[in-house]
Amino acid sequence: FYLTGSVLFLFSRAVRMGKTVSLYNKECVIAAINNDIGIEIMATSKEFIDYVVAQVSTAGVVETKRMFGEYGLYLDGKCVALVCDDTVFVKILPELSTLMAEAETGFPYPGAKEHYVLSVEHRQHAIVVLQTLAPLLPFPKPRKKKAKTE
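For every chain, the first residue of its written sequence is number 1, and the numbers climb from 1 along that sequence. Local features in this predicted model are restricted to residues of pLDDT 70 or higher, and side-chain atom pairs are both shown and tallied only at a pLDDT of 80 or more, whereas totals for entire chains, interfaces and linings draw on every residue. To get the side-chain values, all heavy atoms of the structure are used, and hydrogens and water are removed first.

(A) How the structure looks around the sheet that holds strand β3 (residues 62–67). The criterion for strand pairing is that DSSP finds at least two bridges linking the strands in question. Put simply, DSSP H or I for four residues or longer makes a helix, DSSP E for two residues or longer makes a strand, and each gets a number counted from the N terminus. Taken in spatial order, the six strands of this open sheet run β3-β4-β5-β6-β8-β7, and their pairing is antiparallel. This sheet does not close on itself; its edge strands, each paired only once, are β3 and β7 (105–106). Pairing geometry for β7 and strand β8 (residues 115–118), over two bridges, is antiparallel. Within β8, the position partnered with Thr105 by the bridge is Tyr116. Two residues form a contact once any of their heavy atoms are found within 4.5 Å. Helix axes are fitted only over the stretch in contact, all axes being lines through C-alpha atoms; the angle between N-to-C directions runs from 0 to 180 degrees. Seen against the sheet, helix α3 (residues 46–56) touches β3, β4 (70–75), β5 (78–84) and β6 (87–91) and runs at an angle of roughly 10 degrees to β4. Along the sheet, helix α4 (residues 123–133) contacts β4, β5, β6 and β8; its crossing angle with β8, the most-contacted strand, is approximately 145 degrees.

Okay, structure coming up:
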């Protein structure tokens, strides 16, 4: 049984927002934090994210941003992949069906839609997939600035 950094982040956020969290989940997370039971907390390592960036660096402007305890992988300003638990996930879109025909699928975090698992070990293939995906995705919406309270 694994708890990802994403799950811990979402759990702590839900508690801070006053949301109801089942006692079972609460006990599991508290035990994991205290390392009392055999729950391994997974998260993407800095070494893995550096490796991913190095593998796809020739695709364009590649950046990463911390998101929910894991990472978003950006290509030319667009979020093209999620990196969770040392695994790269890309959206399942019809335009990728032939490129990703033999790829595994999985869920980057609980409650997420199913994604393709992108193998960055195959550098050229990963670059082609990301470059195909980038034009299909929107730029992130600009954040609204909070009004100053005086």
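(B) Broad picture of the pairing of β5. Only protein chains enter the area calculation, which uses a 1.4 Å probe; residues under 20% of their type maximum are buried, those over 50% are exposed, and those in between are partly exposed. Among the seven residues of β5, six are classified as buried, and the element is accordingly described as predominantly covered. In terms of strand pairing, β4 meets β5 through five bridges, oriented antiparallel. By the bridge assignment, Leu73 is partnered in β5 with Ala81. From the end of β4 to the start of β5, which pair antiparallel, there are two residues, and Asp76 there has a positive phi angle of about 50 degrees.

(C) Fine view of the nonpolar core. The criterion is simple. A nonpolar core is a set of buried Ala, Val, Leu, Ile, Met, Phe, Trp, Tyr and Cys residues joined through side-chain atoms within 4.5 Å. Grouped together as the largest cluster of nonpolar side chains are 26 residues, with contacts concentrated most on Leu73, Val80, Val88, Val90, Leu118 and Leu130. Every element with two or more residues in this core is listed here: α3, β4, β5, β6, β8 and α4. Broken down by element, the residue count for this core peaks at five residues, all from α4.

Coordinates in, geometry out; function isn't part of it.
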